[in-house]
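Each chain is listed here by its residues.
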Amino acid sequence: MAAPMDVSGENVRKFIKQGAEAKVYAENFYGRPCISKERFSKGYRHPTLDKSLTLQRLKAEIRAMSKCRNLGIPVPTLYFVDTSTSTFYMEEIVNSQTVRDYIVSIQTSDPDGAMQKLSPLAEKIGKILSKMHCGKVIHGDLTTSNMLLRGDPSDLDIVLIDFGLSFSEGLAEDKGVDLYVFERALLSTHPNTEELFKVVIEAYKKENVKESADAISKLDEVRMRGRKRTMVG
Ligand SMILES: Nc1ncnc2c1ncn2[C@@H]1O[C@H](COP(=O)(O)OP(=O)(O)OP(=O)(O)O)[C@@H](O)[C@H]1O
Ligand SMILES: [Mg+2]
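Residues numbered from 1 in each chain as written. Chains lettered and ligands numbered in written order. Predicted model: local features only at pLDDT ≥ 70, side-chain atom pairs only at ≥ 80, totals over all residues. Heavy atoms only, no water.

**A closer look at the coordination of the magnesium ion (ligand 2)**
At step 1: At 2.2 Å from the magnesium ion (ligand 2) lie its protein donor atoms, namely Asn146 (OD1) and Asp162 (OD). Residue asparagine 146 is found in the loop between strand S7 (137–138) and strand S8 (147–150), and its partner aspartate 162 is found in the loop between strand S9 (157–160) and strand S10 (167–168); the two are separated by 16 residues along the sequence.
At step 2: Owing to a relative accessible area of 24%, aspartate 162 belongs among the partly exposed residues under this scheme. (Donors = N, O, S within 2.8 Å, 3.2 Å for Na, K, Ca; no water. Helix = DSSP H or I, 4+ residues; strand = E, 2+ residues; numbered from the N terminus. Buried < 20%, exposed > 50% of the residue type's maximum accessible area, 1.4 Å probe, protein only.)

This is the structure we're talking about:
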C-alpha cells in the first residue's frame, strides 16, 4: 500500500534519518504531522530470516508503544501499520527536542550549574522507567536520543520513542540490563553525568520500592560483570 496522502492529495515525505535498521521520515498523515519508520532488509541475512526478523521488530515496537500508552507513559500515537513495507506511521511529537540535545545545551551554556538544572529531568526519567518496568516493558535501547522533551523543557514532558528492541518481561535481570544500557549511554554521551544517573536511580527506587530493589541489585551485578570483562580485555 502506498504511503497515506496529505489533505491536498500529495504526500510530501522528508527524510530525517537512517539508523542501523530503519529509515525515518517526516510526512503527513491525512493532514497531521507524522513520522514514518520503515525497516529495511539487511542484505547479509537470509531473505526468509530477514523478513521474519523485520516483522518481529515491527511488531515488538508497536506492542511496546501500545503497552506504554496503557500504562500512562507518554509515547507517540500510532496512526497506521503497513506490514507489506514494514512501515509504521505515528504522531510527530511537534515542538520537541531530544533529551540528548537538551543536556548538551545545558552543559554548554552553564557547565557549573548543569547538575542542578538537570536534576528534575533525571528524577522524571527515573520515575518513568520505574513505571515502565513495573508494567513489564523492557525498552532495549535506552539512550538520551530515544527520549523526547516536548514543549518547554521545564514542563518535563518526556515522550519515549524507538521501541524496536523492546520486549515484554518482568524479570529483574532484564530490568537491570535495561538500566545498565541507559547508564552506559548516558555516561558515554554526556561527560560528568555520574551524579545525574544516581538521581535517576534514586527516583526509580522511590517510585516502586519493592520491585525496584531487585532490578537495582541486578544492575550492580551487571556492572560488575561489565567491569570484569573490561579487566580481562
Ligand atoms: N514521533 C516522533 N516525533 C518526533 N521526532 C521523532 C519521532 N520519532 C523519531 N523522531 C526523531 O527521529 C530520530 C530517530 O528515530 P528513532 O530513534 O525511532 O530511529 P532510529 O534511532 O534510527 O532507530 P533504531 O535505533 O531502531 O535504528 C529520533 O532521535 C528523533 O529525533
Ligand atoms: Mg533512536
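That shown, we press on.
**Observations concerning the pairing of S8**
At step 1: In the sheet, strand S6 (residues 96–98) pairs with S8 via three bridges, with the strands oriented antiparallel. The residue of S8 that forms the bridge with serine 96 is arginine 150.
At step 2: Pairing between S8 and S9: four bridges, direction antiparallel. Directly across from methionine 147, in S9, lies its bridge partner leucine 160. (Pairing = 2+ DSSP bridges.)

**Remarks on the packing of aromatic side chains**
One pair of aromatic rings is described through two measures. These are the centre distance and the angle between the planes.
At step 1: On inspection of all chains with the given rule, the structure shows seven aromatic pairs.
At step 2: Pairing phenylalanine 29 with tyrosine 30 gives two aromatic rings, centres 4.9 Å apart and planes at 90°, and the pair type is edge-to-face.
At step 3: Aromatic side chains phenylalanine 80 and tyrosine 89 sit 5.7 Å apart centroid to centroid with 40° between the ring planes, which places their arrangement in the tilted category.
At step 4: What makes phenylalanine 80 partly exposed here is its relative accessible area of 24%.
At step 5: Using a relative accessible area of 2% as the deciding quantity, one classes tyrosine 89 as buried.
At step 6: Members of the aromatic cluster, each reached through a chain of ring pairs, are Phe29, Tyr30, Tyr79, Phe80 and Tyr89.
At step 7: In this structure, arginine 13 is placed above the aromatic ring of tyrosine 25, and the distance from its NZ or CZ to the ring centre is 3.9 Å. (Phe/Tyr/Trp six-rings, centres within 6.5 Å; stacked < 30°, edge-to-face > 60°. Lys NZ or Arg CZ within 6 Å of the ring centre and 35° of its normal.)

Remember that the coordinates give geometry; whether it matters functionally is a separate question.
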